[in-house]
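Breakdown of the fold
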Amino acid sequence: MIDPIIRDRAALRAMVTPWKRAGETIGVVPTMGALHDGHLSLVAAAKAACDRVIVTIFVNPKQFNNAQDLANYPRTEEADARKLERFDVDAIWVPDGDQMYPEGFATTVSISGLTDCLCGATRPGHFDGVATVVSKLFLQTGADKAFFGEKDFQQLQVVTRMAADLDIPVEVVGCPTIREEDGLAMSSRNLLLSDRARVYAPVLNAVMENVAAALREGAAMADLLPDAMKRLERAGFTDVDYLELRATDGLALLERAEVPARLFAAAWLAGVRLIDNIAV
Ligand code: AMP
C-alpha cells in the first residue's frame with residue numbers, strides 16, 4: 001500500500017500529536033527525493049530504531065545557490081512513494097514551497113565556523129538553507145531521532161551542531177555512504193549524468209581511495225595533489241571545487257593524517273557537481 005502522503009502542516013501536526021502523547025519514538029529521514037538505495041538505507045535504519053517513521057521529500061530552494069541547479073534537480077515523487085512502499089513508513093511529508101515558507105517568512109538559521117569551508121565556501125548560503133529547513137523539519141515532525149548520510153559529511157556535522165546549539169531534543173544519527181558497485185557514491189544527481197559521464201564518474205572515488213592509501217602511509221597532501229588533479233582532468237572533470245584532507249572532528253584543514261581525518265572532494269563532470277568523502 002502507498003504510505004500516507006501529507007502535504008499540509010496542520011494534517012502533519014494532527015498525525016504526530018497522538019504519537020507523541022502515546023510516548024512513541026518518531027524518526028525522520030529528510031530528503032530532496034529522487035530516492036535511491038542511499039536514502040533507503042536511512043529509512044531502514046529509522047524503521048529499526050523508531051516506532052514511527054516520517055520520510056520528508058522537499059527540494060528546498062533556500063539551499064540552492066544556483067537557479068539552474070534548482071531547476072534541473074530531479075523530481076520523481078510517484079516513483080519515490082513506490083520505493084517507500086516496502087518499508088511501510090507512517091507518513092511521507094511532502095510540503096510545497098508555501099507550506100514551508102509562507103508569505104512573510106523571515107528567519108534564517110546560520111551556523112558559523114563549520115560552514116566556512118568545503119561546500120560552505122563553494123556554495124554561498126547553502127548551509128543556511130539546509131539548517132533553516134532542517135530545523136523546521138525537526139520541529140514539524142517532533143522527531144526523536146533524525147537520520148542523515150555520511151555522504152554529506154559536512155551537512156551531518158552542521159545539523160548535529162545546530163540541534164545541540166538550539167536545544168532541539170533530537171538525536172542526529174549518521175549512516176554510512178552507500179555506493180554503486182564501481183565505487184560511485186549514490187546520489188540523486190547521478191541521474192543527471194550522460195551515459196559517457198557515468199562511465200568516468202567513479203574515477204573521483206578511485207582517485208580519492210589512492211590518495212587516502214598514500215595518506216595512511218604518512219604522505220603529505222601537497223605531494224599527492226598534482227597527480228590526483230591530473231587523473232581527474234584526464235577523466236573529464238573540469239572544475240575541482242576542493243580535494244582536501246580535514247579533521248573528522250571540527251573539519252580543520254590538514255596536510256597529513258595525524259589525527260582522525262577524512263578526505264573530501266567536490267568536482268564537476270559534464271555540468272554535474274559530484275561530492276564524496278572517505279575516512280582516512
Ligand atoms: P538528499 O536527498 O541528497 O538531500 O539526501 C538526503 C539524505 O540522504 C541526506 O542525509 C544524505 O546524506 C543522504 N544520502 C544521500 N546519498 C547517500 C548515500 N549514497 N549513502 C547514504 N546516505 C545518502
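Quick look at the structure, then. Quantities reported herein were computed from a predicted structural model and do not represent experimental measurements.

So, the nonpolar core
Core analysis: the largest hydrophobic core is formed by 42 residues, its most contacted members being I54, V134, F138, F148 and M162. For this core, the secondary structure elements donating two or more residues are α1 (9-21), β2 (26-31), β4 (91-93), α6 (118-122), α7 (126-141), β5 (145-149), α8 (153-165) and β9 (261-269). Here this core gets seven residues from one element, more than from any other, and that element is α7. Taken together, domain 1 (5-175) and domain 2 (188-279) each give at least three residues to this core, which thus spans both. Filtering out sequence-adjacent residues up to four positions away, F138 remains in contact with V28, A143, A146, F148, V159, M162, A163, I168, V170 and V172. Ranked by size, the runner-up nonpolar core spans 29 residues in total, among them L193, A197, L204 and L263.

Let's talk about the layout of surface pockets
Space inside the largest pocket adds up to approximately 170 Å³. Forming the walls of the largest pocket are 14 residues, and the residues nearest its centre are I57, V59, R75, E77 and V94. The class makeup of the residues in the lining of the largest pocket is eight nonpolar, two polar and four charged.

Conventions adopted
- Residues numbered from 1 in each chain as written.
- Predicted model: local features only at pLDDT ≥ 70, side-chain atom pairs only at ≥ 80, totals over all residues.
- Heavy atoms only, no water.
- Core = buried A, V, L, I, M, F, W, Y, C linked by side-chain atoms within 4.5 Å.
- Buried < 20%, exposed > 50% of the residue type's maximum accessible area, 1.4 Å probe, protein only.
- Helix = DSSP H or I, 4+ residues; strand = E, 2+ residues; numbered from the N terminus.
- Domains from an automatic or database assignment.
- Contact = heavy atoms within 4.5 Å.
- 1 Å grid on protein atoms, 1.4 Å probe; cavity = no way out; pocket = protein on both sides within 12 Å on 5 of 7 lines; lining within 4 Å.
- Points joined across faces, edges and corners; volume = space filled by probe spheres on them.
- Nonpolar A, V, L, I, M, F, W, Y, C, P; charged D, E, K, R; others polar.

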